[in-house]
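# A look at the structure
One letter stands for each residue in the lines below.
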Amino acid sequence: MFASSRRVRLLTSALTAVALLGVAACGSDADAGTDTDAATTAGYNLTADQNRITTDPVEEIAAKVPQEIRDRGTLVVTGSAGTAPPLRFYADDDTTIIGSETDFAHLIGNVLDLDIELTAADWAQNFVRVDSGEADVFISNVTVTEERKEKYDFATYRLDSLAVEVGKDSGITFDGPEDIAGLTIGVGSGTNQESLLVEWNEQNVAAGLEPAEILYYQNAVDYYLALGSGRIDAYVGPNPTSAFHVLQAGETEIAGTFSGAGLDLQGEIAVLTKKDNGLIQAINEAINHIIENGTYAEVLERWGISNEAIEVSRINPPGLPKTA
């Protein structure tokens, strides 16, 4: 583990760089100038004392929160276990979870006049926590999918872009599903990117192409060790986190990017909550309020991901289609 001061320098350098690379991978040339200026001049607070962007409560929106949660006064937010900068990761105290996802959670809490209790778990366990009522919402780069919509409600707050990360100078490029043929690819278990890879692999095999081998990982350290050692040829994950790792480690590169909902639909990241629990309308209105008052854009700019902004939050929009 890095000493605290060295860790801060590495994260600061890499977060600035990830902003630039994320723009290059997903944004237009016109957008790049704006995001570059923000990334290089704003700086990043990586301490436990975040001094977050805040907004005022909105009584008419807060009144739509289920009474049980209003009486409690706290919104319990679950998410991944803090290994995905700039989205969700640990501050320099190695305890406090920070990042854009936590900032969005706190802004939603501001509007709803609720305190935010942040918790962390492995990916699949976050769904279990929402199912059991241990957590009210799952805010951690969750993509809307048609299968998930059967069990959960969604309110969108960010575009979803995925990246194919490969070893530097590997010669691997990604322009479409046929490019995964014959590769050994790492992916997070239970994620929408896993569903896409499985579907594409089946299509490739049916077309007579060599199958890919898909290996599953839960923790960033594990799949990056596998990528660095050559045990896998590529890793598929969120573009912002892959771009961060490329700049931090200097041993990998991004072979291509695509929508988290596949090639035919722009995926969206959303707040997830248990279906029909009465919470999603208030969350949706809270997100649209912060979009309108500008604090949403401030958070995106703060973390260098302005190119993933949406114009309006939607409840349960079309998501990644079900696989056969």
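Residue positions within a chain follow its written sequence, with the count starting from 1. Local features are withheld for residues below a pLDDT of 70 in this predicted model, meaning they are given only at 70 or higher, and side-chain atom pairs are given and counted only at 80 or more; totals for whole chains, interfaces and linings count all residues. To obtain the side-chain values, all non-hydrogen atoms of the structure were included, while hydrogens and water were left out.

An unreviewed UniProt entry annotates the protein chain as ABC transporter substrate-binding protein originating from Rhodococcus pyridinivorans KG-16.

### A short note on the pairing of strand β13 (residues 268-274)
Burial status follows relative accessibility: with a 1.4 Å probe on protein chains alone, a residue under 20% of its type maximum counts as buried, one over 50% as exposed, and anything between as partly exposed. Starting at the N terminus, helices and strands are each numbered in turn, a helix being any DSSP run of H or I of at least four residues and a strand any DSSP run of E of at least two. Most of β13 sits out of view: six of its seven residues are buried. Pairing between strands requires that DSSP locate at least two bridges from one strand to the other. Here strand β7 (residues 152-159) runs beside β13; their pairing, made up of seven bridges, is antiparallel. Paired with Y152 across the two strands is K274, which belongs to β13.

### Topic: the nonpolar core
Core analysis: the biggest nonpolar cluster contains 40 residues, and L112 and I283 have the highest contact counts within it. Listing elements by their share of this core, those giving two or more residues are β1 (74-79), α5 (100-112), β7, β13, α11 (280-293) and α12 (295-302). In terms of residue count, α11 provides more of this core than any other element does, seven residues in total. Contacts of L112, omitting those with residues within four sequence positions, involve I61, A62, V65, A282, I283 and A286. Side-chain atoms within 4.5 Å are what join buried Ala, Val, Leu, Ile, Met, Phe, Trp, Tyr and Cys residues into a set we call a nonpolar core. Any two residues whose heavy atoms approach within 4.5 Å at even a single point are treated as in contact.

### Details of the side chain of E101
Along the chain, E101 falls in helix α5. Residue classification places E101 among the buried residues on the basis of a relative accessible area of 1%. Under this definition, polar contacts are N or O atom pairs within 3.5 Å; protein pairs additionally need one hydrogen-donor-capable and one acceptor-capable atom, and for neighbouring residues in sequence, both atoms have to be side-chain atoms. Among the polar contacts made by the side chain of E101, one reaches the main-chain amide nitrogen of N141 at a distance of 2.6 Å. The residues touching E101, leaving out its near neighbours within four places in the chain, are L87, I139, S140, N141, Y157, R158 and I269.

### Observations regarding the side chain of S242
Mapped onto the fold, S242 is located in helix α10 (residues 239-249). By relative accessible area, which is 0% here, S242 ends up buried. A distance of 3.3 Å separates polar atoms of two side chains, one belonging to S242 and the other to E165. The residues contacting S242, other than those within four sequence positions of it, are A163, E165, Y224, G237 and I254.

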